[in-house]
Structures are given as structure tokens and as C-alpha cells.
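Take a look at the letters that make up each chain.
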Amino acid sequence: MDVLKQSYEQLIFLQDLSIGFKAIIAIHNTKLGPALGGCRMWQYASDESAILDALRLAQGMTYKSAVSGLPYGGGKAVIISHADQGPREVLFRALGQKIHDLQGTYITGMDLGTTVTDMDWVRLETSFVTDTTGSLGAVSELTAKMTAYGVFLGIKASLKRAYGSETVKNKIIAVQGLGKVGYQLCRYLKQADATLVVTDINPKLLKKAVDDFGASPRRPHDIISAPCDVFSPCALGGILNDTTIGQLNCSIIAGAANNQLAESRHGEMIHGLGILYAPDYVINAGGIIVTSVELGGGDAVAAQKEVEKISDTLTYVFSEADAQGISTAAAADGVAEKLLGN
Ligand code: NAD
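Numbers given for residues are sequential positions, taken from 1 along each chain in its written order. It should be noted that, the model being predicted, local features are given only for residues of pLDDT at least 70 and side-chain atom pairs only at 80 or more, the latter also being counted only at that level, while totals for whole chains, interfaces and linings use all residues. Only hydrogens and water are set aside; all other atoms, that is, all heavy atoms of the structure, feed into the side-chain values.

*Asks:* How should the side chain of Asn 29 be read in this particular structure?
*Replies:* Structurally, the position occupied by Asn 29 is in strand E2 (residues 21–29). At 2.8 Å, the side chain of Asn 29 forms a polar contact with the backbone nitrogen of Lys 31. Beyond its immediate stretch of four places on either side in the chain, Asn 29 contacts Glu 9, Ala 35, Thr 62, Gly 73, Gly 74 and Leu 340. Segments assigned H or I by DSSP are reported as helices when at least four residues long, segments assigned E as strands when at least two residues long, and all are numbered from the N terminus. Each polar contact in these results corresponds to two N or O atoms within 3.5 Å; when the atoms are within protein, one needs to be able to donate a hydrogen and the other to accept it, and residues that are neighboring in sequence are counted only if both atoms are side-chain atoms. What makes two residues a contact is simply this: any of their non-hydrogen atoms within 4.5 Å.

Written out as C-alpha cells, the structure reads:
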């Protein structure tokens, strides 16, 4: 998945300096349904890097919905955080107005740096928004919990593929990032008697995981090379790159972070090392599955049932990789592209 080789349906740059508003809406593909994907608010090194982030994330959402069998396409919004930005209500209402103009082509929701309150402001301008007060996404972080649950099930499916048994007991799992998803993932893993090695750049979150789960702490830059069965990236994207891949000391990579591969060729590098990679957008689809079920009128129980299908989807991707003698990353892209009719 190299972003500039892809075709996009729409790339919208929004700017109103009178209210300190700069944002991007990227709509990658709506063949299977309206573009679904959250709104990120982040400080970027440049407007160009924000645009690239939006494009890459939007494309990831298309592939994620497609492989998960959801009736949605992929899109993403990014609000560029900067020193002169206006009040959040003004910014999110401005975004909401533009989303409304798109007449349902794009549906937004929460992502890194955005909250339920922000989505409530978007909702004042448009109904094409999820994760507002009272929604499943807003209820006790169900989206993050179900993302973690899907990753947990994906880790089991990966263990089965690599070791012949999905038993987590006594397997060493190294979790990078103990935020909303990483912490919940540790909870599922601990319940299954895994041995946890963890890190976070936030010392408070690290201490909490150590205290709550008896996990062994590592310094952030030591987690990549920690000897383990499963390395689980649950922090930021781009973690699998030219520098880090040679340091890996694991049999499996299976985590929640989006865009784990810095470039698609890194999927081939990992494959060449004999490490099993659970493609990020397959294993971390729990959150979008919850949103999709809710948009279809379902409840939390129905959402969990759908999330449980992640194991089968991942196992199918692994079997496609085997059958074609290709990397799991390439196999996942192939499955998504076939469903998209490419
Ligand atoms: P979060 O912001 O709550 O947690 C991320 C954590 O990573 C933070 O605690 C942060 O301190 C830590 N971190 C950042 N850089 C780090 C580093 N270099 N080393 C160690 N720790 C580091 O985010 P989240 O909601 O838990 O999401 C985690 C990842 O999963 C993100 O990449 C996100 O895009 C992806 N994801 C999340 C969801 C969801 O439902 N929340 C769904 C799909 C994918």
C-alpha cells in the first residue's frame, strides 16, 4: 500500500484563518459504501505531512472495512493543531459543516487527539458522525476495548498458525504502548496467563500496567529487541522500518497500531526473516466493526459477535499467503483489492 500510487476520490483542504482552522478530509474509496474513518487532531511538522497522514489513513480504512466485510469505504479527517487555532467548538463545528456538505459520502468519528465532546460539536452541524454522547463508541471506551479484544483473538490465531496451538499461557507478549487499547489488551492477555513485557513513554501508564498485571517493564527503546513470542505494537505507526526490523526478537508481530509498516516493502522484509506478521488493518478492525454494527442499528452484544470474526479473517489471510507463497501483508492487500474489484 504505497500512498502516492493509489487513486483517491477526494482530497479536501479546508482553511479559515479567521477562526484558526486548518483541516483535511481524504476520501479514498466509496465502492463498498460511504467512507468511514475518524477525525485525528494532531500537531504536524508541515501541512504536507498532515495531508500524507490523512491519505494513508483513509486508504487503510478502505482496506480495513473491505477485509472485514463491512458495507463501508475509507476516509479520514485531520484537523491540524497549531498555536493560533481557535476554540475546539468552533473548529469541530466548521468541520461538521463541511462533512454535512458532503451529504453522507464521509462519516467521521473519534481518533487520536479527539473526544466525545468534539464529536458532539460536529453533531450540531451534521448527522454524519459517530462516537457522540450515548453512542457505543462513547460508552466506557467500548471501541478501544473491542479493538483490544480483536487483537487478543488475532494473537491467538497467530500463535495457532506459528506454533500449532492458540494457547497464550506462558507465552511472552511484548506490548508497546499502554494507552486505551494497549492497557485493555494486557488485561485480556493476563486473564489468559500470558507473560507480559511492557513499555510506554508515559511512566504513569507503565507503572499501572506493572502494578495491575505483574508485567515486566522495559524502557521504550528496548521493547523492539525484547526476546518474546509476540511483539504487539500498540503505540504509533511506522514502527516496522529499516532500523527496527533487524532488532526484532520475536516469532510474531500482532498489535493494534495503524500503519505499522513504514513502507509496504517492510512487509516483505519481515516475511523474509520468517516472522509472522498479522496485518494491522485486519487485526485492529474491532473499533470500526463496533461503529459499523451501531450504524446498522445493532448493540454491544452484536458488535462483540462480529469482532470475534477477526480470527477467521486473519486465518484466511494467513492461508492465502501460504497458498500464494507471498507475505501476509501482500496477501491482506490482495484480499481487500479483490473485494474492491481492483
Ligand atoms: P492512546 O493514545 O490511548 O495510546 C497510545 C499509547 O502509546 C500512549 O499511552 C502513548 O504514551 C504510547 N506511546 C507513544 N509513543 C510511544 C513509544 N515510542 N513507545 C512506547 N509507548 C508510546 O491510543 P490507543 O487508542 O490506545 O491506540 C493505540 C494504537 O492503536 C494507535 O496507533 C491507534 O491508531 C490504533 N488503533 C486504535 C483504535 C481504538 O479503538 N482506539 C482502533 C484501531 C487502531
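That was the structure; now back to the text.
*Asks:* Help me understand the side chain of Thr 147, please; the structure alone is not making it clear to me.
*Replies:* Here Thr 147 lies in helix H4 (residues 142–163). At a separation of 3.1 Å, a polar atom in the side chain of Thr 147 contacts the main-chain amide nitrogen of Gly 287.

*Asks:* Would you mind going over the environment of Gly 287 with me for this structure?
*Replies:* Tracing the backbone through its elements, the reader meets Gly 287 in helix H9 (residues 286–295). Taking the relative accessible area as the measure of exposure, Gly 287 reaches 8% and is therefore buried. If sequence neighbours within four positions are ignored, Gly 287 has contacts with Thr 143 and Thr 147. Only protein chains enter the calculation, and the probe is 1.4 Å; a residue is then buried if its accessible area is under 20% of its type maximum, exposed if over 50%, and partly exposed in between.

*Asks:* So what exactly am I meant to see when it comes to the sheet that holds strand E12 (residues 276–277) here?
*Replies:* In sheet architecture, strand pairing relies on hydrogen bonds along the backbone and comes in two forms, parallel and antiparallel. With parallel pairing, the six strands of this open sheet are ordered in space as E9-E8-E7-E10-E11-E12. The sheet terminates laterally at strand E9 (216–217) and E12, the two strands that pair on one side only. Where strand E7 (residues 172–176) and strand E10 (residues 230–233) come together, four bridges link them in parallel fashion. Paired with Val 175 across the bridge in E10 is Ser 232. Here a strand pair is declared whenever DSSP counts at least two bridges between the two strands.

*Asks:* What is the right way to look at the packing of helix H11 (residues 310–324) against helix H12 (residues 328–339) in this model?
*Replies:* A pair of packed helices is captured by two measures, namely the crossing angle of their axes and the spacing between those axes. Whenever a helix is involved, its axis is fitted only over the stretch in contact; in every case the axis is a line through C-alpha atoms, and angles between N-to-C directions fall within 0 to 180 degrees. Contact pair H11 / H12: the axes reach a minimum separation of 8 Å and the direction vectors enclose 110°. In this view, H11 runs roughly perpendicular relative to H12, as classed from their interaxial angle. Touching Tyr 316, Val 317, Phe 318, Glu 320 and Ala 321 of H11 are Thr 328, Ala 331, Ala 332 and Val 335, all from H12. Residue type decides the class: Asp, Glu, Lys and Arg count as charged, Ala, Val, Leu, Ile, Met, Phe, Trp, Tyr, Cys and Pro as nonpolar, and the leftover types, Gly among them, as polar. Partitioning the contact of H11 with H12 into residue classes produces seven nonpolar, one polar and one charged. Note that the term roughly parallel is reserved for angles under 35 degrees, roughly antiparallel for angles over 145, roughly perpendicular for angles of 65 to 115, and oblique for everything else.

*Asks:* Explain the packing of helix H1 (residues 47–67) against H12 here, please?
*Replies:* The interhelical angle for the contact between H1 and H12, taken along N-to-C directions, is 80°, at an axis separation of 9 Å. The angle between the axes of H1 and H12 places the two elements in the roughly perpendicular class. Side by side, H1 and H12 meet where Tyr 63, Ala 66 and Val 67 of the first sit next to Ala 332, Asp 333, Val 335, Ala 336, Glu 337 and Leu 339 of the second. Its residues assigned to classes, the contact of H1 with H12 comprises seven nonpolar, no polar and two charged.

*Asks:* Even after reading the chapter, I still don't get the nonpolar core, so can you show me in this structure?
*Replies:* Nonpolar side chains in soluble globular proteins generally cluster together in the buried interior. Core analysis: the biggest nonpolar cluster contains 64 residues, and Ile 155, Val 175, Leu 185, Leu 189, Leu 196 and Val 198 have the highest contact counts within it. Residues within four places of Val 198 in sequence aside, it is in contact with Val 175, Leu 178, Cys 186, Leu 206, Ala 209, Val 210, Ala 215, Ser 216, Pro 217, Arg 218 and Ile 223. Put simply, a nonpolar core is a bunch of buried Ala, Val, Leu, Ile, Met, Phe, Trp, Tyr and Cys residues held in one set by side-chain atoms that sit within 4.5 Å of each other. In terms of nonpolar packing, the next biggest core, distinct from the first, is built from 21 residues, Ile 12, Phe 92, Leu 95 and Ile 99 among them.

*Asks:* What should I look at first to understand a nonpolar patch on the surface in this one?
*Replies:* Patch members must show over 30% relative accessible area and no salt bridge, and they are joined within 9 Å when carrying like charges or within 5 Å when they are nonpolar side chains of Val, Leu, Ile, Met, Phe, Trp or Tyr. In this description, accessible areas are obtained by the Shrake-Rupley approach with a 1.4 Å probe, and a residue is regarded as covered only by the protein chains that are shown. We define a salt bridge as a side-chain nitrogen of Lys or Arg found within 4 Å of a carboxyl oxygen belonging to Asp or Glu. Taken together, the side chains of Trp 42, Leu 112 and Leu 236 present a nonpolar region at the surface, about 260 Å² in accessible area. By the element assignment, Leu 112 lies in the loop between strand E6 (106–107) and helix H3 (116–123).

*Asks:* Mind showing me how you'd approach the domain arrangement of the protein here?
*Replies:* One frequently used descriptor of interface size is the decrease in accessible area upon assembly of the parts. One can read the domain layout of the protein as domain 1 (3–59 + 73–133) and domain 2 (142–339). Where each domain begins and ends follows an automated or database-derived domain assignment. Summarising the inter-unit geometry, the C-alpha centres of domain 1 and domain 2 are found 26 Å apart. The interface is formed by eight residues belonging to domain 1 together with eleven residues belonging to domain 2. Summed over both sides, the interface between domain 1 and domain 2 buries roughly 810 Å², with carbon and sulfur atoms accounting for 57% of that surface. Summed over both partners, the accessible area lost on bringing two parts together, with a 1.4 Å probe, is the buried area. The largest share of the area that domain 1 buries against domain 2 comes from Leu 36, Arg 56 and Thr 130, three residues that together contribute 52% of it. At the boundary of domain 1 and domain 2, one finds zero salt bridges. Counting the contacts that link domain 1 with domain 2 gives two residue pairs in polar contact (both at pLDDT 80 or more). For the side of domain 1 that touches domain 2, the class distribution of residues is five nonpolar, one polar and two charged.

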